[in-house]
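Residues per chain are reported as follows:
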Protein chains: 2
Amino acid sequence: MTAQPRLGFIGLGAMGRPMALNLIKAGYPMAVYARRPGAAAPLVAGGARAVANPAEVAQAADVVFTIVTASADSEQITLGAHGLIEGARAGTVVVDMATISPLTTRNIAQELEARGVEHLDAPVSGGPMGAQGATLAIMAGGKPQVFERVKPLFERLGKTILYMGDHGAGQVTKACNQLALTVTLQGVAEALMLAQHCGVDPAKVREVMLGGIAASRVLELFGKRMVERNFENGIDARLYHKDLNIVLDLAHQLGMAAPAAAVTLQQINALIGSGGGNSDFSRMIEVLEKASEP
Amino acid sequence: MTAQPRLGFIGLGAMGRPMALNLIKAGYPMAVYARRPGAAAPLVAGGARAVANPAEVAQAADVVFTIVTASADSEQITLGAHGLIEGARAGTVVVDMATISPLTTRNIAQELEARGVEHLDAPVSGGPMGAQGATLAIMAGGKPQVFERVKPLFERLGKTILYMGDHGAGQVTKACNQLALTVTLQGVAEALMLAQHCGVDPAKVREVMLGGIAASRVLELFGKRMVERNFENGIDARLYHKDLNIVLDLAHQLGMAAPAAAVTLQQINALIGSGGGNSDFSRMIEVLEKASEP
């Protein structure tokens, strides 16, 4: 790789757009492709060149970043018709920063490696704010020497850059994180709902819990929203729905029981069904509340 | 109450013994009763007077503390034959520091109040270490003026003394705490087991999670034990079994769904069944592990 690699970027949504802009600002030349017309405009205004499909992105780039929503989308833009694989050369690096199934990731990496194309999985946490401020946590899996090559680019996107192991290890780490987070939130929701049902102030109970072994970031952040009934302008519940689905699909494939995760996904299903998918995830407490209403 | 109230203490186990000793050290005269012969000896050696039954404790005391294991035990020593109620006078205060059902607590308080006897529920958290060092967190429910009278005594036992509301509010707070704690632990166990099943180092995944929104005291303390497979000399799983049973009984009585708590109790049942009741609660991860063994 030269000192100034040419970059590609696909997936210019709430996360991808500010990430790509941070790389452009750092001086890297960039080719972009957007499925939605108009999505590339802010990048082109910043100096990027829009091309017709993923294959053309790969032709124009040494390192291609992708961050699209679902496992099937990652697979399509990488291995599908006019996909990255058609334009990539031996030594091209594909870095998938979306949160997708570790099994899909391993499959993609294998297909690319058969052509000599390198792959890293590097899902992030920190949300759109972290993407804008370049303070994301990045959890990467793949070959260590490929990780080292891409690391200077990761440092333009995030603050905590972690190498977790072989292909898929980044996705596994993200899956574990989302599992613990969502189940903890379900526990916090049940605890605060219990307080409410018993006529004890949930705000006060939350304060007490924050001082002891039941304390968690979830209780701090989402618990505050639950107590205040403030479900707007947060982190959309539908994103956790997607991620916990990945977790349970993985558990299914592995033959591993994850009973609390399963129950929590059912509760998220109900939240989505009741129209709460675009509300902050703390709205999960309403599922419990509604369930016992007269 | 005089400046130097006479105290009573019943329940001289791993929690009660050091608590009673801290009160004796502070100079209060004390009458004790122990169901197990010999349990009173260390207190008598410290200057307490052993009497024949709870009624005699109440006769000899202005404020009686109780901390016995189960709801039925609290009920028995307070309202049963030769119970506190038989020896107490109008104005005597009974302070129950065990973790029992808020419904039992409210019933006990009502029976005592009919005789003019005062009652506080004041469960604690912090374990035997907190009892010895007088650093317990105490969550109290009952009349505010009774709480104020007993507060100087609580200050000999703990560091965080909280008034939560009317009779039962202390128990409700503790129940909420144990619910959030146990469900969080189940989520942490599932997350670390997922990492292990995927061949990614659980210790490393735990470190990453501690830096983000999935961080919790449970991940910090119990998660460390899970990773190190260190299940000895901790907090016995059977205690959480008892407490989560109280939570689910309460949910049952209230007609409230607590699905993640229910799943978690089933997992604790399995841990107890496999002989893990006296191991640290972090051993819950073994239930998941065993379940998918060939």
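Scroll up to find the structure this text is about.
First, a word on scope: everything that follows refers to the structure included in this document. All figures in this text were calculated on a predicted structure; none of them were measured in a lab. (Residues numbered from 1 in each chain as written. Chains lettered and ligands numbered in written order. Predicted model: local features only at pLDDT ≥ 70, side-chain atom pairs only at ≥ 80, totals over all residues. Heavy atoms only, no water.)

**Observations concerning the nonpolar core**
Core analysis: the biggest nonpolar cluster contains 98 residues, and Leu194, Met209 and Phe281 of chain A together with Leu194, Met209 and Phe281 of chain B have the highest contact counts within it. Leu194 of chain B has contacts with Ala175, Cys176, Leu179, Val247, Leu250, Leu254 and Met256 of chain A, leaving out every residue within four places of it along the chain. (Core = buried A, V, L, I, M, F, W, Y, C linked by side-chain atoms within 4.5 Å. Buried < 20%, exposed > 50% of the residue type's maximum accessible area, 1.4 Å probe, protein only. Contact = heavy atoms within 4.5 Å.)

**Remarks on the packing of aromatic side chains**
Throughout the structure, instances matching the rule amount to twelve aromatic pairs over all chains. Measuring from ring centre to ring centre gives 5.8 Å for Phe9 of chain B and Phe65 of chain B, while their planes differ by 25°; the resulting arrangement is stacked. Here Phe9 of chain B, found in strand S1 (residues 7-10), pairs with Phe65 of chain B, found in strand S4 (residues 63-66); they are 56 residues apart in sequence, far enough to count as distant. The class for Phe9 of chain B is buried, based on a relative accessible area of 0%. On the accessibility criterion, Phe65 of chain B (0% relative accessible area) is buried. Here the aromatic cluster, defined as three or more aromatic residues joined through ring pairs, consists of Phe147, Phe154 and Tyr163 of chain A. (Phe/Tyr/Trp six-rings, centres within 6.5 Å; stacked < 30°, edge-to-face > 60°. Helix = DSSP H or I, 4+ residues; strand = E, 2+ residues; numbered from the N terminus.)

**Focus on the relation of the copies chain A and chain B**
Here chain A sits on chain B after a turn of 180° about the axis and a move of 0.0 Å along it, with an RMSD of 0.1 Å. On this basis, the relationship between the two copies can be described by a two-fold rotation axis. Every residue of chain A has its C-alpha some distance from the rotation axis, and the shortest such distance is that of Ser216 of chain A, at 2.0 Å. The residues that chain A uses at the interface reappear at the interface of chain B in 100% of cases, marking a shared surface. (Least-squares fit on C-alpha atoms with pLDDT ≥ 70 in both.)

**A word on the interface of chain A and chain B**
Many analyses report the size of an interface as the accessible area lost when the parts associate. The interface is formed by 54 residues belonging to chain A together with 54 residues belonging to chain B. Carbon and sulfur atoms supply 77% of the area that chain A and chain B bury against each other, a total of about 4500 Å² over both sides. Between the two partners, chain A and chain B, sit zero salt bridges. Summed over the shared surface of chain A and chain B, the number is ten residue pairs in polar contact (both at pLDDT 80 or more). Elements with a minimum of two residues in the side of chain A that touches chain B: strand S9 (158-165), helix H9 (169-197), helix H10 (202-210), helix H11 (217-228), helix H12 (237-254) and helix H13 (259-273) of chain A. If one sorts the elements of the side of chain A that touches chain B by residue count, H9 of chain A sits on top with 19 residues. Grouping the amino acids of the side of chain A that touches chain B by side-chain chemistry returns 39 nonpolar, eleven polar and four charged. (Buried area = accessible area lost by both parts, 1.4 Å probe. Salt bridge = Lys/Arg side-chain N within 4 Å of Asp/Glu carboxyl O. Polar contact = N/O pair within 3.5 Å; in protein donor to acceptor, adjacent residues only side chain to side chain. Nonpolar A, V, L, I, M, F, W, Y, C, P; charged D, E, K, R; others polar.)

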